[in-house]
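Here are the chains, one letter per residue:
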Amino acid sequence: MKIILGSDHGGSDYLKEISKLLETMKIEISTPCGFPFESIDYPDVVKRCVEDYNKLKADFIILVCGSGVGVSIAANRYENIRAVLTSNPYQAQLAREHNHANCLCFGQRLYGIDQVKEVIKIFINTIGSEDMRHLRRIEKLGDLDNG
Ligand code: RB5
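Every chain's residues receive numbers from 1 upward, in the order its sequence appears when written. Where local features are concerned, this predicted model is filtered to residues with pLDDT of at least 70; where side-chain atom pairs are given and counted, the filter is 80 or more; whole-chain, interface and lining totals use all residues. The basis for every side-chain value is the complete set of non-hydrogen atoms in the structure, without hydrogens or water.

(A) Molecular detail of the pattern of salt bridges. The term salt bridge refers to a pairing of a side-chain nitrogen on Lys or Arg with a carboxyl oxygen on Asp or Glu at a separation within 4 Å. Across all of its chains, the model carries 5 salt bridges by this definition. Among the ionic pairs, E17 bridges to K117, the shortest N-O distance being 3.9 Å. With E17 in helix α1 (residues 12-24) and K117 in helix α5 (residues 113-125), this residue pair connects regions lying 100 residues apart in the sequence. Using a 1.4 Å probe on the protein chains alone, a residue whose accessible area is under 20% of its type maximum counts as buried, one over 50% counts as exposed, and one in between counts as partly exposed. Residue E17 is classed as partly exposed on the basis of its relative accessible area, which comes to 29%. K117 gets classed as partly exposed once you look at its relative accessible area, which sits at 22%. It is possible to trace a salt-bridge network through shared partners that takes in E17, K20 and K117. Put simply, DSSP H or I for four residues or longer makes a helix, DSSP E for two residues or longer makes a strand, and each gets a number counted from the N terminus.

(B) Spatial organisation of the site of the ligand. Definition of nearness: a residue and a molecule or strand are near each other if at least one heavy atom of the residue lies within 4 Å of the molecule or strand. The environment of the ligand is made up of D8, H9, Y42, C65, G66, S67, G70 and R109. By the criterion applied in these results, polar contacts are pairs of N or O atoms within 3.5 Å in which, for protein atoms, one can donate a hydrogen and the other can accept it, and in which residues neighboring in sequence qualify only through two side-chain atoms. Between an oxygen atom of the ligand and a main-chain N or O atom of G70, the distance comes to 3.0 Å. The contact in question runs from an oxygen atom of the ligand to an N or O atom on the side chain of R109, over 3.4 Å. Classification convention: Asp, Glu, Lys, Arg as charged; Ala, Val, Leu, Ile, Met, Phe, Trp, Tyr, Cys, Pro as nonpolar; all other residues, Gly among them, as polar. A class-by-class count of the residues in the shell around the ligand yields 2 nonpolar, 4 polar and 2 charged.

(C) Geometry of α5. Each residue after the first adds 1.5 Å to the expected span of a helix. With 13 residues, α5 ought to run about 18 Å at 1.5 Å a step, and its terminal C-alpha atoms sit 18 Å apart, in line with that. Along α5, the residues classified as buried are I113, V116, V119, I120, F123 and I124. The buried residues of α5 occupy an angular sector of 120° when projected down its axis, which confines them to one face. The exposed residues of α5 that point more than 90 degrees off its buried face are D114 and N125. We call two residues in contact when some of their heavy atoms are within 4.5 Å. Looking at the buried positions of α5, the neighbouring elements they touch are β1 (2-7), α1, β3 (60-65), β4 (83-85), α4 (89-97) and β5 (103-107). What the arc describes is the spread of directions from the helix axis to the C-beta atoms.

This is the structure:
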C-alpha cells in the first residue's frame, strides 16, 4: 500500500505522527511538501499531493490542516478525488464502502491524535463495496458539471 501525506503549517504536527504510524505499519509513504513549519497555502499542498497520487498510482491521500476544511474543499475539486473530512470511525468505514473515498482529511485543532489514528486504520483497511448501486452513484460523481 502507498499513501500520499500532506499538510499546511496548521497540520504538520499531526502529519508527523501519522507518518510515524504508517511507517510502523510498513506502509510506503510520500510527503511531497514535507512537514511545513513555515506558512504554506493549503491549495498548493493539495495540488502537489494529488499530482503525486496520480504519478505514483498511490492508494490513498491523507491531508491535515487546522480545521480539515480547507484541504477537504481543495481535494474535492479534483476529478478523481473523493475526499472525506471525518473523525468518526463508522463514517470513515462508510466513506470507503459506499463512496470509495480515496482521500481522508483531518483538522489538527479539533480531534485528539489517538482518534485520528483509529480512523486512519479503519479507512485504509476497509474495502469499497462492489454493489451496483454504489458503483452507479460513484460513476455519476464523474458526470457532475462544474459550470
Ligand atoms: C491555517 O491557519 C488554517 O487556516 C488552515 O490550516 C485551515 O484550517 C484552513 O482551512
